[in-house]
Amino acid sequence: MEPKDRLIFPLDVSSREAALDWIERLQGQVGLFKVGLELFVAEGLPFLNTIAEILPGGYFLDLKFNDIPATLKAAQHRLFKNVTFFTVHCDQGRQMLRETVAALQNGVKFLAVTVLTSLSSDDLLALGYDRRYALNPTELVLLRARFAQAAGCRGVICSGQEVKAVKERFGPDFLAICPGIRPDWSVVAADDQKRVVTPYEAIQAGADYIVVGRPIRRAANPVEAAKRVVEEIERACP
Ligand code: C5P
């Protein structure tokens, strides 16, 4: 993999035009584009077909499925044209993960969302998690990653603060994708991400891919910002 292949850019915009514009600006600078809830809700299935056509190398569909197994199995069938990665939450338990992944089609790689990078220890405590997990989110990430691996997921989404432990426990082939990336030079106003690290730190700790959105999208020069992130990845590459 080249350094830029490890950079995932989220198309967190609410129109087809804006998404296509970002693809045109950043194609060649990033490895993979990600379609999330905002764009999917705005433009729906027809737009996924467009994306599948203009990105023949595949794209990341990040809908973070979270429901009962029967609903998830039924809902995923029409989504997967040219999808490389697809996300499902871990917190509905092992059966849900197993059944959803077992219904997988077209070689899509399932990634399990362990603990959102926007959650801090205080948030986990407030949600009622046991102190053992709330005060040490890495423990919760490792517990859920074990379910994900047993269910047949190809990897997990976790923060850069947990990636080293995930790689040590589950081995190099179990993918770790890290959002919550904040380069030293980025300033994201009213930031919701809490368990953050820099691109360098995430890659050095073993992340296979990093998701970098607002630090690039809101930069004065997004192409230059993407290049700076890739340089940092290159410096950190083992
Ligand atoms: O870099 P920025 O915070 O803008 O990136 C946000 C993107 O990362 C969003 O598309 C969000 O859905 C995604 N994401 C996340 N935390 C996770 C999983 C994905 O922020 N645990």
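Structure first, text after, so check above.
In this report, the structure presented in the accompanying data block is examined.

Calculation criteria
Residues numbered from 1 in each chain as written. Predicted model: local features only at pLDDT ≥ 70, side-chain atom pairs only at ≥ 80, totals over all residues. Heavy atoms only, no water. Buried < 20%, exposed > 50% of the residue type's maximum accessible area, 1.4 Å probe, protein only. Helix = DSSP H or I, 4+ residues; strand = E, 2+ residues; numbered from the N terminus. Near = heavy atom within 4 Å. Polar contact = N/O pair within 3.5 Å; in protein donor to acceptor, adjacent residues only side chain to side chain. Areas by Shrake-Rupley, 256 points an atom, 1.4 Å probe, with all protein chains shown as cover. Phe/Tyr/Trp six-rings, centres within 6.5 Å; stacked < 30°, edge-to-face > 60°. Lys NZ or Arg CZ within 6 Å of the ring centre and 35° of its normal. Core = buried A, V, L, I, M, F, W, Y, C linked by side-chain atoms within 4.5 Å. Contact = heavy atoms within 4.5 Å.

**Comments concerning unusual backbone geometry**
- At Asn82, a residue that is not glycine, the phi angle is positive and equals roughly 60°.
- Taking the relative accessible area as the measure of exposure, Asn82 reaches 29% and is therefore partly exposed.
- At Ala190, a position not held by glycine, the phi torsion is positive, near 50°.
- One can find Ala190 in the loop between strand 7 (175–178) and helix 9 (199–204).

**Overview of the site of the ligand**
- Around the ligand, 16 residues are found, and the nearest of them are Asp12, Lys34, Arg182, Gln193 and Arg214.
- Within the side chain of Lys64, a nitrogen or oxygen atom sits 3.0 Å from an oxygen atom of the ligand.
- Between the ligand and the protein, one listed contact pairs an oxygen atom with a backbone N or O atom of Gly213 at 2.9 Å.
- Considered on its own, the ligand offers 460 Å² of accessible surface; in the complex 88% of this is hidden by protein.
- Elements supplying a minimum of two residues to the shell around the ligand: strand 3 (59–65) and helix 10 (214–217).

**Description of the packing of aromatic side chains**
- Applying the stated rule across the entire model yields 9 aromatic pairs.
- Seen in terms of ring centroids, Phe9 and Trp22 are 5.5 Å apart; in terms of plane orientation they differ by 45°. Their pairing is tilted. Of this pair, Phe9 sits in strand 1 (residues 7–10) while Trp22 sits in helix 1 (residues 16–26), and the two are 13 residues apart along the sequence. The residues Phe9 and Trp22 share a single accessibility class, namely buried.
- Here the aromatic rings of Phe80 and Phe86 are separated by 4.8 Å at their centres, their planes lie at 70°, and the arrangement is edge-to-face.
- According to the relative accessible area criterion, Phe86 is buried, its value standing at 0%.
- The ring of Trp22 has Arg25 sitting right over it, with the charged end atom 4.3 Å from the ring centre.
- The positively charged end of Lys34 is found above the aromatic ring belonging to Phe60, 5.9 Å away from the centroid.

**A look at the nonpolar core**
- Formed by 68 residues in total, the largest nonpolar core has its most connected members in Leu7, Leu11, Leu61, Phe86, Leu97, Ile210 and Ile216.
- Among the elements that take part in this core, helix 7 (residues 137–151) stands out by supplying 7 residues, more than any other.
- Discounting chain neighbours no more than four positions away, the residues touching Leu11 are Ala19, Trp22, Ile23, Phe33, Lys34, Val35, Leu39 and Ile51.
- Listed in part, the 11 residues of the second largest apolar core include Ile157, Leu175, Ile177 and Val211.

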